[in-house]
Structures are given as structure tokens and as C-alpha cells.
Amino acid sequence: MATRRRTEVAKRQEARPALRKDQIDRYSRHLLLPEVGAAGQRKLLDAKVLLVGAGGLGAPAALYLAAAGVGTLGIVDFDTVDASNLQRQVLYTSADVGRPKVQVAAERLQGLNPDVTVEQHPVRLERENARKILERYDVVLDGTDNFATRYLVNDACVLLGRPNVQASIYRFEGQASVFDARRGPCYRCLFPQPPPPELVPNCATAGVLGVLPGLLGTIQATEAIKLVLGVGEPLVGRLFLIDALSLRTRELSLEKNPDCVLCGPHATQTDLIDYPAFCGETEADEPEHVPEITPEELAPLLVTKGRPFLLDVREQGEWEIAHLEGARLIPGRELATRSREVPDGREVVVYCKSGRRSAAATRLLIDLGRRRVRSLKGGLEAWADRMDPSMPRY
């Protein structure tokens, strides 16, 4: 399959005509580089690169790939532009809030470079459609923010023989690598098993420095261009790490795992699997059912003499954005050691952003012997939707 794929790419490159005058003008700084030149620019114009995610990482990567003249850019994203995206997702403006990301991205990128064809995939990448989407492209950039999709992208790339340019960010830190099982390790070699869902904060709960995804997304674009051109030393078998606060970088060597279930010599996984279940994100893997209270049930209790004790188990930064009046903040990760701060014998309502962390905290309190504890169903998102639309969202 890999040999046939290389032949198809070579045929596309041979069929491409010489650069036009306007293209020579546009790409002149590339043409001056011996490592690129006219032949390399034709490779870029012929290349097909897929971005999985048009968010913090995908946005800067897409801009630089389009500017470089990558002829076909595919974008997979089912989301719409939200005001909270604008702090870091540089493809979008305030006027785009509420519009589909793939549609806005296509307009911006084709306006930046008319040589680029943008293929829109306004869908959630899933086991059922991943192969069909990814097989059209030469290189895949993974800019997703959840483990289920990262494993899905990795596995599809391994099975299809595609390089996976992967990056991730967390607060002030980022990492990037190129996973290409044909000549190095895959993502599963580094992370055979996903972490427990409750230990995986994302940008929506942990925050991120706005410029950080710009740094990592640009690195992803750089790696993709190197792969297309066949120049330099790609990040295959290497993990690049950066701390934006100190601007120190490190590099770790990665080796292929001989016991990898997907790319090892005795691989046992030959197809895509149920990734939400694998990563513990399905309903069956949610915290054990706990007593709940809806926003409509809670609201009248807050104006009574015996109002419940409100326990907020989010982080300090989330609390400062919005919280219920009279609540007490004890981050969920500290609750086990600070449970005595929660009054015994009084009704307690635990809340977080969406209800997941509060359910886990409620279960913990019940296990510690508390009986009058309930979790706010849907969290502050549900409260803002149904009780207080003026509450800030994040």
C-alpha cells in the first residue's frame, strides 16, 4: 500500500505544469532556497494535508500551510466559532462567532492564497468515517484536545500508512512529535493506555496561554512541510517539549515499542476500535450514579432559610469567571484532604462546570459518610442556560 501511495504522489507531481509567473512572484523566497526550489514548490502545490481540528493548533498551522502553497488542505471540525476561541484561534474574528469553523477557515485560507483548495469536513471524526477521510491525504496534523480522537487519528494513520504530526498544549507547556509507524514509533508506543478521564483537564477547565498554540501549531506546519519536501530531520522518534514561561525546550528520544498492539511485530489490533470506551468517556464509564438536583429544583432552595451549602469543586480561575453566590470553593483534587470543611448534617449541593467533576466529588463525600449530598445536574452550564443567561461562560 505504501509503495502504491508513493507512486500516486509521484504521478501527481510529474503531471503538474511549471510555475506560473504569479506563482514565481508569490513563492520567490522559497525558490531561493536550494532545499525547496521550483521542484519543491511544485511538491507543496501538489500536496494534500489534513488538519484534524481547526482550533488553537489547527488555526496557525492552516495559515502557514496555506501561505506556503500547500495545494489541498482538508479541515475536519464540527464546531462553531465561540467568543472564548478568539484569544488564541487566529483564523477567526469577532464577526465570525456562531459560524461553522470549517466555513470561516475556508474563506480565510482561500483569500490568503487562491492556489489552495480547502476541503471542508464539518463532521466529528469517528471510527465510522476516519478511514474514508484520512486516506485522501498525504500528511495528517492532529490538533485535537481529547484522548479519544488522538488515539483514533493515530490508529487510522498507522493502518493507512500516513505520518501523523501531533501536538498538544496545557496551560504554559506544549509538546510535538511526528508519529510515523513506517520508520519510528506511533502514539501508542508512547502512551499505550490513556489516563483516567477525571485526571485530564482541557483548555476549557485548565486554561492556556493564548500564544502557546501558535508556537506548537507553527511547529506542526513546519514538520508537515518538511515531510512533503523530504528535507531536514523530522520529529520522528523525538518528542519536543517547551515551557513558555521559561522558554526552555527539551527533547526526548522515543523508541518503537516491540509490544505495541498496533505497530509492533506481533500487533493484535488490526482495525479501528471504540475510542470513547477505550478512553473511559462512555456513559458506562461515568462515575457511579449519584443523587442529583436540577437547576429548577435548586433555585427556590437558595432563597429559603435552610438553604443548602453550595460546594464549588472547580479551579480558582474558573471561580473567578463565575460562581454561585454564597458558594464555597474547594477544588476537587483537594476535597479528600479538606472534606472537614464541608458541614456535616446540612444539605450539600456540589457543582462544577458541566456536572462530571461534581458527580465524582459527590461520590467521594458519600463514601466518606455524608448522606445529604447532591450534584447539580449539568453544572453551571445548565444553570446559565436555564436560570441565569447573564452568567459569564467559558
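Please read all numbers here as calculations on a predicted model, not as lab measurements. (Residues numbered from 1 in each chain as written. Predicted model: local features only at pLDDT ≥ 70, side-chain atom pairs only at ≥ 80, totals over all residues. Heavy atoms only, no water.)

## Quick word on the pairing of strand S7 (residues 238-243)
Across the six residues of S7, five count as buried, placing the element largely inside the fold. Strand direction decides the pairing type here: strand S6 (residues 173-179) and S7, joined by four bridges, are antiparallel. By the bridge assignment, Gln 175 is partnered in S7 with Leu 241. Relative to strand S8 (residues 248-253), S7 is paired through six bridges, and the arrangement is antiparallel. Bridge assignment links Phe 240 to a residue of S8, and that residue is Glu 251. Between S7 and S8, which pair antiparallel and follow one another directly, the connecting turn spans four residues, one of which, Leu 247, has a positive phi of 55°. (Buried < 20%, exposed > 50% of the residue type's maximum accessible area, 1.4 Å probe, protein only. Helix = DSSP H or I, 4+ residues; strand = E, 2+ residues; numbered from the N terminus. Pairing = 2+ DSSP bridges.)

## Digging into the pattern of salt bridges
What the rule picks out here adds up to 27 salt bridges. Residue Asp 312 pairs with Arg 314 through a salt bridge whose shortest N-O separation is 2.7 Å. Note on Asp 312: relative accessible area 0%, which makes it buried. The residue Arg 393 makes a salt bridge to Asp 385 at a minimum N-O spacing of 2.5 Å. Taken together, the salt bridges that share partners define one network made up of Glu 315, Arg 328, Arg 333, Glu 334, Arg 338 and Glu 341. (Salt bridge = Lys/Arg side-chain N within 4 Å of Asp/Glu carboxyl O.)

## Observations concerning a nonpolar patch on the surface
On the surface, Phe 172, Leu 209, Val 211 and Leu 245 cluster together into a nonpolar patch covering about 370 Å² of accessible area. Within the element layout of this structure, Phe 172 appears in the loop between strand S5 (164-170) and S6. For Phe 172, a relative accessible area of 33% translates into the label partly exposed. (Patch = residues over 30% accessible without salt bridge, like charges linked within 9 Å, V, L, I, M, F, W, Y side chains within 5 Å. Areas by Shrake-Rupley, 256 points an atom, 1.4 Å probe, with all protein chains shown as cover.)

## A look at the packing of aromatic side chains
This model, assessed by the stated rule, comprises four aromatic pairs. Taken together, a centroid distance of 5.1 Å and an interplanar angle of 85° make the contact between Tyr 151 and Phe 278 edge-to-face. Of this pair, Tyr 151 sits in helix H8 (residues 147-160) while Phe 278 sits in helix H12 (residues 275-278), and the two are 127 residues apart along the sequence. Overall, Tyr 151 belongs to the buried group, its relative accessible area being 0%. Arranged with centres 5.2 Å apart and planes meeting at 55°, the rings of Tyr 187 and Phe 191 form a pair that is tilted. Look at Tyr 187 and you get buried, because its relative accessible area is 2%. The partly exposed category is assigned to Phe 191, whose relative accessible area is 28%. (Phe/Tyr/Trp six-rings, centres within 6.5 Å; stacked < 30°, edge-to-face > 60°.)

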